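Listed here are the chains, written in short residue letters.
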Amino acid sequence: MARPNSRKASRGRGKRSIFRRILLFLLTVTILAICVGGLLLSGYLIKLDDEIRARFAGTRWALPAQVFSAPLDLYPGRDISSDALQRELKRLGYRPTEKLAGPGTFSANGKDITAHVRAFQFWDGPQPEAKIGVKFSSFGIAAIRDLEADEARDIVRLDPMLIGSIYPTRQGEDRVLLRLEEIPPLLRDGLLAVEDAGFYDHFGISLRGIARAAVANVKAGRVVQGASTITQQLVKNFFLSSRRDMQRKAKEALMALLLEAHYSKDEILEAYFNEVHLGQDGNRAVHGFGLGSRFYFNKPVSELRVHEIALLIGVVKGSSHYNPRRNPKNAAARRAVVLGVLKKRGLITEEQYEEALAQPLGVAGGTKGTVERYPAFVDLVKRQLTGQYKEEDIVNEGLRIFATLEPHTQELLEKNLSEGVDKLEKDHKKEANSLQTAGVITSVNGGEVLAVVGGRNFRYAGFNRACQPEGVAAQELRQASAWSAAPVPCTGQVLQPADGAYRHGCRCGQCHQGAQGQRLFGRRPASAKCAAGGD
């Protein structure tokens, strides 16, 4: 009778043995999978880590060459009226005020003007900011006085206009780099309050932010809130594409963790301020708050007011949807949201909030586009530099090119050509906008190019009829104008690389090379000669 029980027990032990073997097999496979996965993940993390350190620790951005106009020199006896000087100050982004309110402001009292001139790094050394008073007579400037030192000034040089950049054609990224200490406190704190309030507390990703966004999105039934930290946004903009899928988001999170492991919060924040995309200007991508401030308000970031700071912070959410030129209603609504956050966080007072909310968008250039750009002249500068300098140096090394363009002369040339071609069409019964035009103005004394128009659309960076000999209009212009038949003269640019060292831009072989900067603006030594025509 014991044998059946023995067989049952044997069968039970066999089943348990098979179960244990299966369990052991599954456990072994799981452990192996975890080990292999860990090894693969480790290798992937090492690869990502190498990529981050290689790109982030080296040269982070290609720095396009910046092209500046000729600065306006003010001195007793200069033939310029009070109205003309006010126009020049406004063109440079100076703001008229009842009393001086910091660099970049001016006040007019009758014909006399007081101005707080900006500091600027010129080719021959830095010029500190200064408060000046300019008195006028019927002949022009009668006297200039330093209001702080209470003494007469022989000459004051206004900061030049940034008239364009020479950036890589393929990438098209343009930026003006800022150090973290150059960023106004309200802009820095406001951006963090709106985009990532816990930036200095998390380690690259915010679990609390992910949970909060998930709850908000579930309640809304759609994606209404994101959870990306500033570190993740920087990773996406700097290393990854804008593609939206789980694989990219996972990679973004891993790279954010690695970035935080190697670099300080301040380094990451500074990089974000210089990398974030703030708009598009044709094929030029506007990156960073340094250029964004000039692109939208024609002023350096240090001079931004509360409503302007709020607008720029608002554009970060979507540079196209909240573009104040193309979508002013969206931009104004987003600005109001940002101002509300600033008030709630105690960054601005109730009075500042109400005042900023009542301000117009105040975008320089209105809805037409950029501020003041002269593509035909910048094209001429690029042509003269090509062959003299390596292209990668021009578009990557952050050169500062001090050229000879005079904005007021350029304005007069544009006005005369526009009126002249309209009159020709009317007098000869031509269809409107059927004729093209081009023009160049050079200095009588030194031969410097003061203004260039390459076509009827002055702001269009297309075919440059003033400089391209294959153009029919250019051929007719040379035949009609003896002065334009000669080669375009040397402009004598002074180049300043990002390292601060200056190089003389003229390579005609006969220019005066003894002192940097003296070739500029027709004020070089009497002994200097240039192949284009010396004094």
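Note that the coordinates shown come from a computational prediction; the quantities given were computed from them, not determined experimentally. (Residues numbered from 1 in each chain as written. Predicted model: local features only at pLDDT ≥ 70, side-chain atom pairs only at ≥ 80, totals over all residues. Heavy atoms only, no water.)

Chemist: Describe the sheet that holds strand β13 (residues 173-175), and please don't skip the residues or the numbers.
Modeler: Taken together, three strands build an open sheet; the order of strands is β13-β15-β14 and the sheet is mixed. Sheet topology places β13 and β14 (277-281) at the edges, where each strand pairs with a single neighbour. Neighbouring strand axes in the sheet, compared pairwise and without regard to direction, differ in orientation by 30 degrees on average. (Pairing = 2+ DSSP bridges. Helix = DSSP H or I, 4+ residues; strand = E, 2+ residues; numbered from the N terminus. Axes fitted to C-alpha atoms, helices over the stretch in contact; angles between N-to-C directions.)

Chemist: If you had to explain the environment of Gln121 to someone new, which residues and values would you point to?
Modeler: Assignment of secondary structure puts Gln121 in strand β6 (residues 120-122). Gln121 sits in the partly exposed class, given a relative accessible area of 33%. Taking the C-alpha atoms as reference, Gln121 lies 8.7 Å from Asp159; in sequence the two are 38 residues apart. (Buried < 20%, exposed > 50% of the residue type's maximum accessible area, 1.4 Å probe, protein only.)

Chemist: Outline the packing of aromatic side chains, supporting the account with residue identities and numerical values.
Modeler: Evaluated as defined, the whole model comprises ten aromatic pairs. Residues Phe68 and Phe120 carry aromatic rings whose centres are separated by 5.4 Å and whose planes lie at 80 degrees to one another, so their mutual orientation is edge-to-face. With Phe68 in strand β1 (residues 65-68) and Phe120 in strand β6, this pair connects stretches of sequence that are 52 residues apart. For the pair shown, Phe68 and Phe120 are each scored as buried. One aromatic cluster is present, built from ring pairs that chain together Phe68, Phe120, Phe122, Trp123 and Phe402. Above the ring of Phe122, the side-chain terminus of Arg157 is found at 4.5 Å from the ring centroid. (Phe/Tyr/Trp six-rings, centres within 6.5 Å; stacked < 30°, edge-to-face > 60°. Lys NZ or Arg CZ within 6 Å of the ring centre and 35° of its normal.)

Chemist: I'd love a proper account of a nonpolar patch on the surface, names of residues and values included.
Modeler: Nonpolar side chains collect at one region of the surface, where Phe203, Leu207, Ile210 and Leu257 lie side by side and expose about 370 Å² of accessible area between them. As for its position among the elements, Phe203 is in the loop between α3 (185-195) and α4 (207-220). (Patch = residues over 30% accessible without salt bridge, like charges linked within 9 Å, V, L, I, M, F, W, Y side chains within 5 Å. Areas by Shrake-Rupley, 256 points an atom, 1.4 Å probe, with all protein chains shown as cover. Salt bridge = Lys/Arg side-chain N within 4 Å of Asp/Glu carboxyl O.)

Chemist: Mind laying out the side chain of Asp196, listing which residues take part and the relevant values?
Modeler: Summarising the element assignment, Asp196 is placed in the loop between α3 and α4. Of the side chains with opposite charge, Lys265 lies nearest to the buried Asp196, which makes no salt bridge, at 6.3 Å. Apart from residues no more than four positions distant in its own chain, Asp196 is found in contact with Leu191, His202, Thr229 and Ile230. (Lys, Arg positive; Asp, Glu negative; His and termini not counted. Contact = heavy atoms within 4.5 Å.)

Chemist: Break down the pairing of strand β8 (residues 130-137) for me, citing the residues and quoting the values.
Modeler: Looking at chain direction, strand β5 (residues 112-117) and β8 are connected through five bridges and run antiparallel. Directly across from His116, in β8, lies its bridge partner Lys131. Bridge count between β8 and strand β9 (residues 140-146): six bridges; the pairing is antiparallel. When the sheet's bridge partners are listed, Gly133 is paired in β9 with Arg145.

Chemist: Break down the pattern of salt bridges for me, with residues and values.
Modeler: On inspection of all chains with the given rule, the structure shows 24 salt bridges. Across the salt bridge formed by Asp174 and Arg284, the nearest N and O atoms sit 2.9 Å from each other. Here the residue Asp174 occupies a position in strand β13, and Arg284 occupies one in strand β15 (residues 284-287), the gap between them amounting to 110 residues. Among the residues examined, Asp174 registers a relative accessible area of 1% and is labelled buried. Notably, a salt bridge pairs Glu425 with Arg456, separated by 2.5 Å at the nearest N-O pair. Here Arg456 lies in the loop between β18 (449-453) and α15 (472-480) and Glu425 lies in helix α14 (residues 407-427), a separation of 31 residues in the sequence. In terms of burial, Glu425 and Arg456 fall into one category: buried.

Chemist: Please give an account of the packing of helix α8 (residues 288-297) against helix α9 (residues 306-315) that cites residues and values.
Modeler: Two quantities define a packed helix pair, namely the angle between the helix axes and the distance between the axes. Close contact between α8 and α9 brings their axes to 11 Å; oriented N to C, the two are set at 115 degrees. Crossing geometry of α8 relative to α9 is assigned as right-handed. Between α8 and α9, the residues in contact are Phe289, Gly292, Ser293, Tyr296 and Phe297 and Glu308, Leu311, Leu312, Ile313 and Val315, respectively. Residues belonging to the contact of α8 with α9 are distributed by class as follows: seven nonpolar, two polar and one charged. (Left-handed = near helix turned anticlockwise from the far one by under 90°. Nonpolar A, V, L, I, M, F, W, Y, C, P; charged D, E, K, R; others polar.)

Chemist: Provide a residue-level description of α9, including the pertinent values.
Modeler: Most of α9 sits inside the fold, with ten of its ten residues counted as buried. Within α9, the full set of buried residues consists of Val306, His307, Glu308, Ile309, Ala310, Leu311, Leu312, Ile313, Gly314 and Val315. Looking at the buried residues of α9, the elements they touch are α3, β14, α8, α10 (328-344) and α11 (350-358).

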